[in-house]
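Below, each chain spelled out in residue letters.
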Amino acid sequence: MPPKGQSFHGRTVLVTGASSGIGRETALAFAAAGANLVLVARRAKVLAKVAAEARKLGAATLVASADVTEAAAVGGAFRKAVKRFGAVDIVVNNAGVMIPSQVVDLRTADLRRMLDVNLIGALHVMQEAVKVMRKQGHGHIVNVGSLAGRRGFSPLGGYCATKFALVGLTEALRTELVGERIHVSLVLPGVVDTPMAAAIQHDPATGDVWPDALTMPPSWVIWSIFLAIRFKLAEIAVPPGSALIEKLAALAPGTTDALLRRVTDVARSMSDRRRAAK
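Figured I'd write up the structure that's included with this text. Residue positions within a chain follow its written sequence, with the count starting from 1. A pLDDT threshold of at least 70 governs which residues receive local features in this predicted model, and a stricter bar of 80 or more applies before side-chain atom pairs are shown or counted, although totals over entire chains, interfaces and linings include all residues. To get the side-chain values, all heavy atoms of the structure are used, and hydrogens and water are removed first.

### Quick notes on helix α3 (residues 71-85)
And step 1. Runs of H or I in DSSP of at least four residues are treated as helices and runs of E of at least two as strands, each being numbered from the N terminus. Here the expected span of a helix is defined as 1.5 Å times the quantity of residues minus one. The end-to-end C-alpha separation of α3 is 21 Å, in line with the 21 Å expected for 15 residues at 1.5 Å each.
And step 2. Residues V74, G75, G76, A77, F78, A81 and F85 constitute the buried set of α3.
And step 3. Lining the buried residues of α3 we find β1 (12-16), β2 (36-40), β3 (61-63), β4 (90-93) and α4 (108-136).
And step 4. Looking at the residues trailing α3, positive phi occurs at G86, about 90 degrees. Relative accessibility thresholds used throughout: buried, under 20% of the residue-type maximum; exposed, over 50%; partly exposed, between the two (1.4 Å probe, protein chains only). The contact criterion used throughout is that any non-hydrogen atoms of two residues lie within 4.5 Å.

### Some remarks on the packing of helix α1 (residues 21-32) against helix α7 (residues 218-230)
And step 1. Relative orientation of the contacting elements α1 and α7 amounts to 55 degrees, with a least axis distance of 9 Å. In terms of orientation, α1 lies oblique with respect to α7. Relative to α7, the crossing made by α1 is right-handed. Note on element contacts: α7 touches α1 through P218, V221, I222, I225, F226 and I229, opposite I22, E25, T26, A29 and F30.
And step 2. Amino acid classes used here: Ala, Val, Leu, Ile, Met, Phe, Trp, Tyr, Cys and Pro are nonpolar; Asp, Glu, Lys and Arg are charged; the rest, including Gly, are polar. Residue classes in the contact of α1 with α7 are distributed as nine nonpolar, one polar and one charged. Comment: axis = line fitted to C-alpha atoms, over the contacting stretch for helices; angle = value between 0 and 180 degrees taken between N-to-C directions. Working rule for angles: under 35 degrees goes down as roughly parallel, over 145 as roughly antiparallel, 65 to 115 as roughly perpendicular, anything else as oblique. By convention the crossing between two helices is left-handed if the near helix lies anticlockwise of the far one by an angle smaller than a right angle, and right-handed if it lies clockwise.

### Remarks on the sheet that holds β2
And step 1. Taking strand neighbours across the sheet as the criterion, the seven strands line up as β3-β2-β1-β4-β5-β6-β7 in an open arrangement whose pairing is parallel. The sheet is open, and its two edges are formed by β3 and β7 (235-238), each paired on a single side. Strand-to-strand twist across the sheet, computed as the mean angle between neighbouring axes with direction ignored, equals 15 degrees.
And step 2. Here helix α2 (residues 44-56) sits on the sheet in contact with β2 and β3, set at roughly 180 degrees to β3. Strands pair, by our definition, only if DSSP identifies at least two bridges between them.

Here is the structure:
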């Protein structure tokens, strides 16, 4: 977590997906930095626990339980925030789900679920944020995407597709807001140590895709969000430079495909041998 201070004192930050993972840790980091918090997620009881932790850090906190896939619920959360704090200065658009599957086995229902949360839900939040920020004359939206939105890989093809789409929406919104005092940042982390990632890594069918040793702590993403806001960055990858490597890989997509397949096959082989040795 970034160090305690008052760098966001008096500013109101709305965080979606605030009940766990990156959202929870980001909310607590803003609380420690002096911000007012609006916590958005579906699980009201879990949000209440996060709010209690934030209050211990000195933050004024509002729990606005909502499902981001429902536009009316998102609008209600923003109205509650404005009524309580008068403004929404920063939005961290973080809610997301991941359902691993090879493309040939990907269920339409699973893809729709990921699209509903990762793309449509993010769109609802962006639209409401822009409405509020235009009225107040300023604001900053941080969309938490993924490096999976720059390069597709198995068994996360469906998840990658949703994050590719989020990148496109974010870039388009940035162009629409040129000349206004509303900034839009895109944060692109790799695999982060969160409950969502842990569920994938501990599943025998998918756990060999990414070694535990290469999983990043949430604090790396939090620092990137803080930097994006502080310096009004359009995009930041976590770790820095990783998105550039993916863009360079796009110059030789066939070679990259073969390399990723080879790495995946080796990881699976090693995992199979470890399981057989137990």
